[in-house]
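Understanding the architecture of this molecule
Next come the chains, spelled out residue by residue.
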Amino acid sequence: MMGSTLAAAGGQTWDSAFAKSLIPTMLEGLWTTIQITLAGMAIALVVGLVVAIIRRSKIPVISQLFGFYVQFVRGTPLLIQAYFAYILLPDYGLTLSPLVTGIIVLGINYSAYTAEVYRAGVEDVPVGQWEAATALSLPIQRTWGRIVLPQALRSVTPVLGNYLIQMFKDSAVLFAISVYELMGHVDTIGSDTYRYLEPVTIAAALYLIVSLISSQFVRLLERRLVLSR
Amino acid sequence: MISFRGVSKSWGDNHVLRSLDFEVAPGEKVCIIGPSGSGKTTILRILMTLETPDEGLVVVNGGTLWDVKKGGHAKETKEMKATRRNVGMVFQSFNLFPHMTALENVMEAPVKVLKLDKQEAHQRAVELLGMVGLSDHLNHKPGRLSGGQQQRVAIARAMAMRPTVMLFDEPTSALDPELIGEVLEVIRELATGTDMTMLMVTHEMRFAEEISDRVVMFDKGVVVEKGPPAQIFKSPEHERTRKFLRAVLDY
Ligand SMILES: Nc1ncnc2c1ncn2[C@@H]1O[C@H](COP(=O)(O)OP(=O)(O)OP(=O)(O)O)[C@@H](O)[C@H]1O
Ligand SMILES: [Mg+2]
């Protein structure tokens with residue numbers, strides 16, 4: 001793994017030609033990272049929502065179980081969850097590619113955070129909204145779908161956007177379970193050529209550029225949501 | 001018809017309703033008055049199923065809303081849900097859906113609960129909003145409306161479910177003084193022009209006197225006295241009523 005060859009990589013000087021030659025491969029890695037992030041976020045958004053609704057519904061035992069789920073996932077490092085899934089899932093007959101395993105782990109991990117974000121958003125919806133829905137005999141699914149969630153989601157969309165950016169960076173951890181994303185490429189290039197300076201620098205630059213652009217986008221979104229209130 | 005039989009409700013050792021017996025005849029317009037904290041809102045909220053009684057029987061139009069035995073638990077039954085459909089409520093703080101237009105607010109329940117088709121619901125919503133004087137604001141969201149306009153949308157929204165019982169909990173007390181009149185005017189029209197049963201908590205004593213068939217004076221979770229408005233306001237029998245009226249009328 002990275003550590004052993006990295007130790008031998010001290011004192012290198014920047015090689016522009018070498019760096020340039022890496023860019024196409026690195027961009028490929030970036031593209032994989034973006035796909036992982038989008039797929040992982042899709043899982044996190046859906047699972048988190050289900051968890052938040054179940055917890056709020058106060059179904060005895062089940063709501064508590066999901067509360068425990070949130071604490072458990074938030075209380076353990078993403079890297080360890082990734083290792084566990086990578087090592088243990090095949091034992092249970094679930095043989096998934098590292099990529100798919102990585103996406104699921106990332107999605108599940110973030111679902112615990114999105115669940116809390118949704119929860120805060122739902123708690124922000126005044127109790128009078130629920131009461132008006134009851135007074136109109138609106139069914140519970142309709143109350144969630146048409147009254148509560150539209151108001152809750154509005155206030156939490158920028159927060160979810162920031163989690164998306166964080167997930168984009170966190171996905172780097174997945175190279176540890178041999179997912180061939182951006183960091184995976186760095187690792188491979190490094191162990192093949194014994195040069196880390198260039199691939200690590202390029203990776204950092206790519207992470208930074210995408211993060212900066214995305215945060216600008218989130219900020220814009222936030223402003224628009226506030227304005228259209 | 002509304003009937004409370006032996007209804008009790010407490011929070012901790014705050015006994016808000018004490019074995020309350022209370023009836024409202026079909027079509028009757030009843031105003032509930034009484035000091036703050038006496039349980040007026042709680043009565044309406046139990047009728048709207050926003051609160052559960054600890055004990056007692058509540059029946060609306062022959063349907064059982066609540067039937068809780070001593071030491072038992074209030075349950076949401078099918079009958080309760082069906083019965084609740086007869087009841088509408090107008091809240092002190094309007095509680096309009098802020099992300100929907102006035103029209104959408106009024107159409108939501110008829111389409112989803114009464115299963116009217118969109119066109120019919122739309123037509124009825126337009127009529128109702130016209131009735132409360134808001135024809136020019138059909139497509140405005142609550143944020144663009146004054147408090148008085150919002151409360152009128154809320155009244156139209158409640159009416160759209162065609163309730164036979166309407167509850168009003170201090171419908172004008174969150175409004176600026178100059179907006180109270182327009183809301184009272186709409187309620188007055190409902191009181192004189194429909195045979196809905198109306199139950200209203202209000203501090204607008206003159207209005208209560210004018211529109212109600214009966215006034216109920218409430219204190220500490222029990223009915224202190226009830227009767228025609230003229231009697232309650234002009235010659236109350238109980239000292240507590242006299243004291244309460246002196247306090248609010250002087251104000
Ligand atoms: N959810 C609750 N939890 C605890 N206590 C409550 C709750 N709802 C109401 N109460 C208490 O019950 C009592 C009666 O409340 P209620 O709102 O019915 O009074 P009210 O007659 O409507 O008063 P007001 O004129 O101030 O509106 C009050 O002492 C109130 O503090
Ligand atoms: Mg009250």
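Below, the structure is looked at part by part.

About the criteria used
- Residues numbered from 1 in each chain as written.
- Chains lettered and ligands numbered in written order.
- Predicted model: local features only at pLDDT ≥ 70, side-chain atom pairs only at ≥ 80, totals over all residues.
- Heavy atoms only, no water.
- Helix = DSSP H or I, 4+ residues; strand = E, 2+ residues; numbered from the N terminus.
- Buried < 20%, exposed > 50% of the residue type's maximum accessible area, 1.4 Å probe, protein only.
- Areas by Shrake-Rupley, 256 points an atom, 1.4 Å probe, with all protein chains shown as cover.
- Lys, Arg positive; Asp, Glu negative; His and termini not counted.
- Charge placed at Lys NZ, Arg CZ, Asp CG, Glu CD.
- Near = heavy atom within 4 Å.
- Polar contact = N/O pair within 3.5 Å; in protein donor to acceptor, adjacent residues only side chain to side chain.
- Nonpolar A, V, L, I, M, F, W, Y, C, P; charged D, E, K, R; others polar.
- Pairing = 2+ DSSP bridges.
- Contact = heavy atoms within 4.5 Å.
- Buried area = accessible area lost by both parts, 1.4 Å probe.
- Salt bridge = Lys/Arg side-chain N within 4 Å of Asp/Glu carboxyl O.
- Axes fitted to C-alpha atoms, helices over the stretch in contact; angles between N-to-C directions.
- Patch = residues over 30% accessible without salt bridge, like charges linked within 9 Å, V, L, I, M, F, W, Y side chains within 5 Å.
- Phe/Tyr/Trp six-rings, centres within 6.5 Å; stacked < 30°, edge-to-face > 60°.
- 1 Å grid on protein atoms, 1.4 Å probe; cavity = no way out; pocket = protein on both sides within 12 Å on 5 of 7 lines; lining within 4 Å.
- Points joined across faces, edges and corners; volume = space filled by probe spheres on them.

1. Details of the overall build of chain B
- Counting its secondary structure elements, chain B contains nine helices and 10 strands.
- Out of the 251 residues in chain B, the part that is buried amounts to 56%.
- Counting only carbon and sulfur atoms, one obtains 49% of the accessible surface of chain B, whose full area is about 11,300 Å².
- Counting 32 positive and 33 negative side-chain charges, chain B places the centres of these two groups 5 Å from one another.

2. A look at the site of ligand 1
Residue and element names in this part refer to chain B.
- Close to ligand 1 lie 13 residues; S36, G37, K40, T41 and T42 are nearest.
- Backbone polar atom of G39 to an oxygen atom of ligand 1: 3.0 Å apart, as the coordinates give it.
- One of the side-chain N or O atoms of T42 is found 2.5 Å from an oxygen atom in ligand 1.
- Elements represented by at least two residues in the shell around ligand 1 include exactly strand 2 (14-24) and helix 1 (40-47).
- Considering each element in turn, the shell around ligand 1 owes the most residues, three residues, to helix 1.
- Tallied by class, the residues present in the shell around ligand 1 amount to three nonpolar, eight polar and two charged.

3. Observations concerning the pairing of strand 10 (residues 222-227) of chain B
Residues and elements named next belong to chain B.
- Sheet topology places strand 9 (residues 214-219) next to strand 10; five bridges connect them, and they run antiparallel. Paired with D219 across the two strands is V222, which belongs to strand 10.
- Hairpin connection from strand 9 to strand 10: two residues lie between these consecutive antiparallel strands, with K220 at a positive phi of about 50 degrees.

4. Observations regarding the interface of chain A and chain B
- Each partner contributes to the interface: chain A provides 16 residues, whereas chain B provides 22 residues.
- Across the chain A/chain B interface, buried area totals approximately 1,600 Å², and carbon plus sulfur atoms make up 63% of it.
- Remark: the boundary between chain A and chain B carries three salt bridges.
- Across the pair E108 of chain B and R146 of chain A runs a salt bridge, and its minimum N-O distance is 3.2 Å.
- The interface formed by chain A and chain B contains six residue pairs in polar contact (both at pLDDT 80 or more).
- Listing elements by their share of the side of chain A that touches chain B, those giving two or more residues are helix 6 (127-135) and helix 7 (140-170) of chain A.
- Looking at the side of chain A that touches chain B element by element, the count peaks at seven residues for helix 6 of chain A.
- Here the residues of the side of chain A that touches chain B sort into eight nonpolar, five polar and three charged.

5. Topic: the pattern of salt bridges
- Here the structure, examined in full by the defined rule, presents 22 salt bridges over all chains.
- The partner of R55 of chain A in a salt bridge is E116 of chain A, with the nearest N and O atoms 2.9 Å apart. Remark: E116 of chain A occurs in helix 5 (residues 98-124) and R55 of chain A occurs in helix 2 (residues 16-56); sequence separation between them is 61 residues.
- We classify R55 of chain A as partly exposed; its relative accessible area is 25%.
- Of the charged contacts in the structure, one is a salt bridge between K9 of chain B and D54 of chain B, with a shortest N-O distance of 3.9 Å.

6. Remarks on the sheet that holds strand 6 (residues 87-90) of chain B
All names here are of chain B.
- Judged by pairing direction, the sheet is mixed, and its six strands sit side by side in the order 6-7-8-3-9-10 without closing on themselves. Strands at the two margins of the open sheet, each flanked by one partner only, are strand 6 and strand 10. Taken over all neighbouring pairs, the strand axes of this sheet differ in orientation by 20 degrees on average, direction set aside.
- As paired strands, strand 3 (residues 29-33) and strand 8 (residues 197-201) are joined by four bridges and run parallel to one another. Residue pairing in the sheet places K29 in a bridge with M198 of strand 8.
- In the packing of helix 6 (residues 177-193) onto the sheet, contacts are made with strand 3, strand 7 (165-169) and strand 8, and the angle to strand 8 comes to roughly 145 degrees.

7. Overview of the side chain of S111 of chain A
Residues and elements named next belong to chain A.
- If you trace the backbone, S111 turns up in helix 5.
- Note on S111: relative accessible area 0%, which makes it buried.
- Within polar-contact distance, the side chain of S111 engages the backbone oxygen of I108 at 2.6 Å.
- Discounting residues that sit within four places of it in the chain, S111 has contacts with A44, V47, G48 and Y69.

8. A short note on a positive patch on the surface
All names here are of chain B.
- Together, R85, K112, K115 and K118 make up a region of like positive charge exposed at the surface.
- Among the structural elements, K118 can be located in helix 4 (residues 118-131).
- When its relative accessible area of 59% is taken as the criterion, K118 is described as exposed.

9. Quick look at the packing of aromatic side chains
Residue and element names in this part refer to chain B.
- Under the criterion given, the structure shown has eight aromatic pairs over all chains.
- Relative to F22, the ring of F4 lies with its centre 6.0 Å away and its plane at 55 degrees, an arrangement referred to as tilted. Note that F4 is positioned in strand 1 (residues 2-11) and F22 in strand 2, a separation of 18 residues in sequence.
- Note on F4: relative accessible area 0%, which makes it buried.

10. Side note on the layout of surface pockets
- Of the pockets and cavities examined, the largest pocket occupies roughly 760 Å³.
- Along the walls of the largest pocket sit 27 residues, with T134, L138 and I140 of chain A together with E76 and R84 of chain B positioned nearest its centre.
- Of all the secondary-structure elements, those providing two or more residues to the lining of the largest pocket are helix 6 and helix 7 of chain A together with helix 2 (78-84) of chain B.
- Looking at the lining of the largest pocket element by element, the count peaks at five residues for helix 6 of chain A.
- Looking at the lining of the largest pocket residue by residue, the class counts come to 12 nonpolar, six polar and nine charged.

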